[in-house]
Number of protein chains: 2
Amino acid sequence: MARRTTIYDVAREAGVSIATVSRVFNSLPRVDEETRHRVLQAASSLGYAPSIVARTLTGKQSRTLALLVPDVRNPYFPEVTLAVQRAVHAAGYSLLLLNAPGGAEQEEQYVAALRGRHVDALVVAGGSVHDTRNRPAWLDRYAMHRPIILINADLEPPASGPVARRWARVLVDEKAGAIKAVQHLVSLGHRRIAFLGGPAHLYPTVVKHQGYLEALTLGGIDPDPELQVFGEFSGTSGLEMATKLLSLPSDRRPTALLAANDMIAAGCLQAARDRGVLVPEQLSIVGFDDVFVNSLLWPPLTSVAQSYEEIGKAVVRLVGQMQMATSDGSDETEAADNTLRTTLVVRIDPTLQVRASTGPPPG
Amino acid sequence: MARRTTIYDVAREAGVSIATVSRVFNSLPRVDEETRHRVLQAASSLGYAPSIVARTLTGKQSRTLALLVPDVRNPYFPEVTLAVQRAVHAAGYSLLLLNAPGGAEQEEQYVAALRGRHVDALVVAGGSVHDTRNRPAWLDRYAMHRPIILINADLEPPASGPVARRWARVLVDEKAGAIKAVQHLVSLGHRRIAFLGGPAHLYPTVVKHQGYLEALTLGGIDPDPELQVFGEFSGTSGLEMATKLLSLPSDRRPTALLAANDMIAAGCLQAARDRGVLVPEQLSIVGFDDVFVNSLLWPPLTSVAQSYEEIGKAVVRLVGQMQMATSDGSDETEAADNTLRTTLVVRIDPTLQVRASTGPPPG
DNA sequence: TTGTAGGCGTTATCAA
DNA sequence: TTGATAACGCCTACAA
């Protein structure tokens, strides 16, 4: 491995001290224009790039984030992974990727492996943080030391004080999304609208379900328990749930399905096709997340879309804020803490992408 | 941010020098069992973990790899990303993820951002390395300094010598895979087998196409130019290509389709359904890559499957080998170079996953 | 078996 | 405006 060119090499080449080179590369003030030029010259001729590793060691940020997901193969996560990676790189950070399909234990294990790596923050995009039954213990432990960002998991920081200052959230208002979806269906004339959720104990299911109920009530429709089913966030589960719903006697059968994600929705399409039910003529289907692979489906799904780009940007913004709040010795008064608490949560409003899978009910 | 506990803290707590602590954590020989115990004790009570950053600075590996893909949202890449990440973590490495959908320029840009990060190796899983028309220039430049691993891109190292020692490949024998697929179809009785490729200038398309032609010849079937079409590696493209093929007059129409990846194959399913063609009764379809989201499709695709796990393991093995060859001052003779050249390419044999999308031809 | 001290590439604090 | 020099946390001869 050809030896890495160092700040010393550049200093020698430019005929200055390493301190000066450092100043140039950190664009600090008081350095002569002519000198700066000479340094830059030398640096580029030598192909010099400062070592982030050494820089980190002096106590600065590592400019590295870690992103924890349960499984990148699940179409939702590539979306957020891509978006976060992009935003993060645009801000000069790098992104470590962690897949922990094995639940809280594995998450903890992976996160532990991060310990010597000086990551500036951990971004958690899913997994056991979504479980409404028990809060993963490792989360709070981790936040005692380093900043954390939760995507779409509304867990409160365990206390105020230092850890509250390292606990940020970006929340997509999926309840509002569900409401928009239902209202769209209602406005098309649907009255029998079913909800097909993921596991009932997962936060994303719960919120969407709430929105569904609320919107029905708003629309003057009585929620029918028979039309609310729960399963997995998968295509096969969607297939099963939809099949069950579609085999109800015609007067109790739904004319529209609101699926808690696009994989479930894809399963619904499947089920409809299997039973010769035309979409959207005889059945409308709405999905959630508006993921990339929707391009594989026909008809393309109407889906509640969140701006992944916004999520990515929110992440880097939050990281920045937390770094400020922790490093620059800004006043740690209660007042400051309180403003932080509010500013450390970013809310994102989803929009409804209307496509070909929805239309007026039959008849 | 609570100050990180250092080797000094542990040393003090255990009443030894930092050198001893270091020895313990690097499991070096000659350290008294009792001392070792005391150190470990102190370390765990303090929650100490060695700083990989500082360690890296002393000239050792950073135990960090970078993985470059064009777009994680494309179902093939999550598979390799997941597998590589797993294998890599199991070996104590971390993985930086880079998405460069923007072609060679963006790839180069992203890779440049890696410069100060001391990554041990760059793993390239796709992108402009697949373009058979021109070899990305940044690749060779990069390999002049740091080790590189190509997944499924058969680019030779530019020369022997140092850079050859940093140029590894893991190659899935997709030609053999295509042959297996065709032979499967032939053995079912198919004679009119179509090939639906991605872009004709991409390596994956080329190899699979070669296998297709070879297998036909082997089976005593004359390749029909009309049955060989090229498009994109996407569902919509697959839909278009398949639609064209299925609208051929019945005597020239294929009874089986070999798609160059599963997204194309998904498009084929689509096309068949649109035209009321039953799969597999009237049309057999084979895909490539056997990706996760196949679970969304019906019928499940027969597909040429590669062991992603093997790919991941190969990657860490290769990284290890390259580190040996570069660091331990092993003899850099021509002979050593030659053995390295052969050992730095791992070949993986795909298998055919037979599922419900293939069957005997009609009639 | 254990400790001392120099070095890894930067940044930051003082002087000059 | 610039240059010495001490950290940063760890590894590694070399001594003891």
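### Observations concerning unusual backbone geometry
Here comes step 1: Cis geometry marks the peptide bond from Val279(A) to Pro280(A), where omega comes out at 10°.
Here comes step 2: Looking at where Pro280(A) falls in the secondary structure, it is placed in the loop between α11 (262-274) and β9 (284-288).
Here comes step 3: Positive phi, normally seen in glycine, also occurs at Ser27(A), with a value near 35°.
Here comes step 4: One can find Ser27(A) in the loop between α2 (18-25) and α3 (33-46).
Here comes step 5: Unusually for a residue other than glycine, Asp290(B) sits at a positive phi of about 50°.
Here comes step 6: Mapped onto the fold, Asp290(B) is located in the loop between β9 (284-288) and β10 (302-305).

### Structural notes on the domain arrangement of chain A
Here comes step 1: Partitioning chain A into domains gives domain 1 (7-50), domain 2 (61-173 + 307-350) and domain 3 (174-306).
Here comes step 2: For domain 1 of chain A versus domain 3 of chain A, the separation of C-alpha centres amounts to 61 Å.

### Some remarks on the pattern of salt bridges
All names here are of chain A.
Here comes step 1: Applying the stated criterion to the full structure yields 34 salt bridges over all chains.
Here comes step 2: For the salt bridge of Asp71 with Arg73, the shortest nitrogen-to-oxygen distance reads 3.2 Å.
Here comes step 3: By sharing partners, the salt bridges in this structure join Arg3, Asp9 and Arg12 into a single network.

### Some words on empty space enclosed by the protein
Here comes step 1: Following the criterion strictly, the structure yields 5 cavities of 30 Å³ or more and no others.
Here comes step 2: Put simply, the largest cavity is a space of about 240 Å³.
Here comes step 3: Taken together, the elements giving at least two residues each to the lining of the largest cavity come down to α4 (52-57) of chain A together with α4 (52-57) of chain B.
Here comes step 4: A per-class count over the lining of the largest cavity returns 7 nonpolar, 6 polar and 2 charged.

### Quick look at the environment of Pro249(A)
Residues and elements named next belong to chain A.
Here comes step 1: With respect to the helices and strands, the residue Pro249 is situated in the loop between α10 (235-246) and β8 (256-259).
Here comes step 2: Residue Pro249 is classed as partly exposed on the basis of its relative accessible area of 37%.
Here comes step 3: C-alpha separation for the pair Pro249 and Gln85, spaced 164 residues apart in sequence, amounts to 48 Å.

### Details of the packing of aromatic side chains
Here comes step 1: One pass over the structure, following the stated rule, counts 10 aromatic pairs over all chains.
Here comes step 2: Geometrically, the ring pair formed by Phe195(A) and Tyr212(A) is tilted, given 5.3 Å between the ring centres and 35° between the ring planes. Within this pair, whereas Phe195(A) is found in strand β6 (residues 193-197), its partner Tyr212(A) is found in helix α9 (residues 203-218), the two being separated by 17 residues in sequence. Of the two residues, Phe195(A) and Tyr212(A), both sit in the buried class.
Here comes step 3: Each member of the aromatic cluster is reached from another via a ring pair, and the members are Tyr76(A), Phe77(A) and Tyr308(A).
Here comes step 4: Its guanidinium or amino end placed over the ring of Phe292(B), Arg73(A) lies 4.4 Å from that ring's centre, counting from NZ or CZ.
Here comes step 5: Seen from the ring of Phe288(A), Lys208(A) lies directly overhead, with NZ or CZ sitting 4.5 Å from the centre.

### Some points on the nonpolar core
Side chains of a nonpolar character, in soluble globular proteins, are inclined to be buried together.
Here comes step 1: Counting residues in each nonpolar core, the largest one holds 158 residues, and the members touching the most others are Val170(A), Leu196(A), Val170(B) and Leu196(B).
Here comes step 2: Leu196(B) has contacts with Val229(B), Gly238(B), Met241(B), Ala242(B), Leu245(B), Leu257(B), Leu258(B), Ala259(B), Ala260(B), Ile264(B) and Cys268(B), leaving out every residue within four places of it along the chain.
Here comes step 3: Ranked by size, the runner-up nonpolar core spans 44 residues in total, among them Val119(A), Trp138(A), Ala153(A) and Val111(B).

### Considering α10(A)
Side chains three or four residues apart in an α-helix point the same way, a direct result of the helix having 3.6 residues per turn.
Here comes step 1: When the terminal C-alpha atoms of α10(A) are compared, their 16 Å separation across 12 residues agrees well with the 16 Å that a helix rising 1.5 Å per residue should span.
Here comes step 2: Contacts made by the buried residues of α10(A) are with β6, β7 (228-230), β8 and α11 of chain A.

### Some words on the sheet that holds β9(B)
Residue and element names in this part refer to chain B.
Here comes step 1: The strand order across the open sheet formed by 6 strands is β7-β6-β8-β9-β10-β12, and the pairing between neighbours is mixed. Lying at the two open borders of the sheet, with one neighbouring strand each, are β7 (228-230) and β12 (351-353). Recorded for the sheet is a direction-independent mean angle of 20° between the axes of neighbouring strands.
Here comes step 2: Where β10 lies against β12, 3 bridges are found, and the strand directions are antiparallel.

### Thoughts on the relation of the copies chain B and chain A
Mapping between the two chain copies consists of a rotation about an axis together with a translation along that axis.
Here comes step 1: In the superposition of chain B on chain A (RMSD 0.1 Å, axial shift 0.0 Å), the rotation amounts to 180°. What we have between these two chains is a two-fold relation. Proximity to the rotation axis, assessed at the C-alpha, singles out Leu96(B) in chain B; its C-alpha lies 2.2 Å from the axis.

### A closer look at the packing of helix α1 (residues 7-14) of chain B against helix α2 (residues 18-25) of chain B
Residue and element names in this part refer to chain B.
Here comes step 1: Between α1 and α2, whose axes approach to 8 Å, the crossing angle comes to 105°. One way to sum up the angle between α1 and α2 is to call them roughly perpendicular. Contacts between α1 and α2 involve Ile7, Tyr8, Val10 and Ala11 from the first element and Ile18, Val21 and Ser22 from the second.
Here comes step 2: By residue class, the composition of the contact of α1 with α2 is 6 nonpolar, 1 polar and no charged.

### Re the sheet that holds β9(A)
Residues and elements named next belong to chain A.
Here comes step 1: Strand order in the open sheet formed by 6 strands is β7-β6-β8-β9-β10-β12, and the pairing between neighbours is mixed. If you trace the sheet from one side to the other, it starts and ends with β7 and β12 (351-353), each paired once. Sheet twist, expressed as the mean angle between neighbouring strand axes with direction ignored, is 20°.
Here comes step 2: Where β6 lies against β8, 4 bridges are found, and the strand directions are parallel. Paired with Ala194 across the two strands is Leu257, which belongs to β8.
Here comes step 3: Contacts from helix α8 (residues 174-188) reach β6, β8, β9, β10 (302-305) and β12, with the element oriented near 165° to β9.

### Observations concerning the protein's contact with DNA strand C
Here comes step 1: The local shell around DNA strand C holds 26 residues, among which Ile7(A), Ser22(A), Arg55(A), Arg23(B) and Thr35(B) are the closest.
Here comes step 2: In DNA strand C, atoms within 4 Å of the protein come 62% from sugar and phosphate.
Here comes step 3: Take Asn26(A): an N or O atom from its side chain is 3.1 Å from a phosphate oxygen of DNA strand C.
Here comes step 4: Within the side chain of Arg23(B), a nitrogen or oxygen atom sits 2.5 Å from a base oxygen of DNA strand C.
Here comes step 5: Contributions of two or more residues to the surface near DNA strand C are made by α1 (7-14), α2 and α4 of chain A together with α2 of chain B.
Here comes step 6: Each residue belonging to the surface near DNA strand C can be placed in one class, and the counts come to 12 nonpolar, 9 polar and 5 charged.

### Section: the protein's contact with DNA strand D
Here comes step 1: Surveying the vicinity of DNA strand D reveals 25 residues, the closest of which are Thr20(A), Arg23(A), Thr35(A), Ile7(B) and Arg55(B).
Here comes step 2: Of all atoms in DNA strand D that approach within 4 Å of the protein, 64% are sugar or phosphate atoms.
Here comes step 3: The contact in question runs from a base oxygen of DNA strand D to an N or O atom on the side chain of Arg23(A), over 2.5 Å.
Here comes step 4: Ala54(B) places a main-chain nitrogen or oxygen 3.5 Å from a base nitrogen of DNA strand D.
Here comes step 5: Looking at the surface near DNA strand D, the elements with two or more residues in it are α2 of chain A together with α1, α2 and α4 of chain B.
Here comes step 6: Split into classes, the residues belonging to the surface near DNA strand D amount to 11 nonpolar, 9 polar and 5 charged.

Definitions and cut-offs
Residues numbered from 1 in each chain as written. Chains lettered and ligands numbered in written order. Predicted model: local features only at pLDDT ≥ 70, side-chain atom pairs only at ≥ 80, totals over all residues. Heavy atoms only, no water. Helix = DSSP H or I, 4+ residues; strand = E, 2+ residues; numbered from the N terminus. Domains from an automatic or database assignment. Salt bridge = Lys/Arg side-chain N within 4 Å of Asp/Glu carboxyl O. 1 Å grid on protein atoms, 1.4 Å probe; cavity = no way out; pocket = protein on both sides within 12 Å on 5 of 7 lines; lining within 4 Å. Points joined across faces, edges and corners; volume = space filled by probe spheres on them. Nonpolar A, V, L, I, M, F, W, Y, C, P; charged D, E, K, R; others polar. Buried < 20%, exposed > 50% of the residue type's maximum accessible area, 1.4 Å probe, protein only. Phe/Tyr/Trp six-rings, centres within 6.5 Å; stacked < 30°, edge-to-face > 60°. Lys NZ or Arg CZ within 6 Å of the ring centre and 35° of its normal. Core = buried A, V, L, I, M, F, W, Y, C linked by side-chain atoms within 4.5 Å. Contact = heavy atoms within 4.5 Å. Expected span 1.5 Å × (residues − 1). Pairing = 2+ DSSP bridges. Axes fitted to C-alpha atoms, helices over the stretch in contact; angles between N-to-C directions. Least-squares fit on C-alpha atoms with pLDDT ≥ 70 in both. Parallel < 35°, antiparallel > 145°, perpendicular 65-115°, else oblique. Near = heavy atom within 4 Å. Polar contact = N/O pair within 3.5 Å; in protein donor to acceptor, adjacent residues only side chain to side chain.

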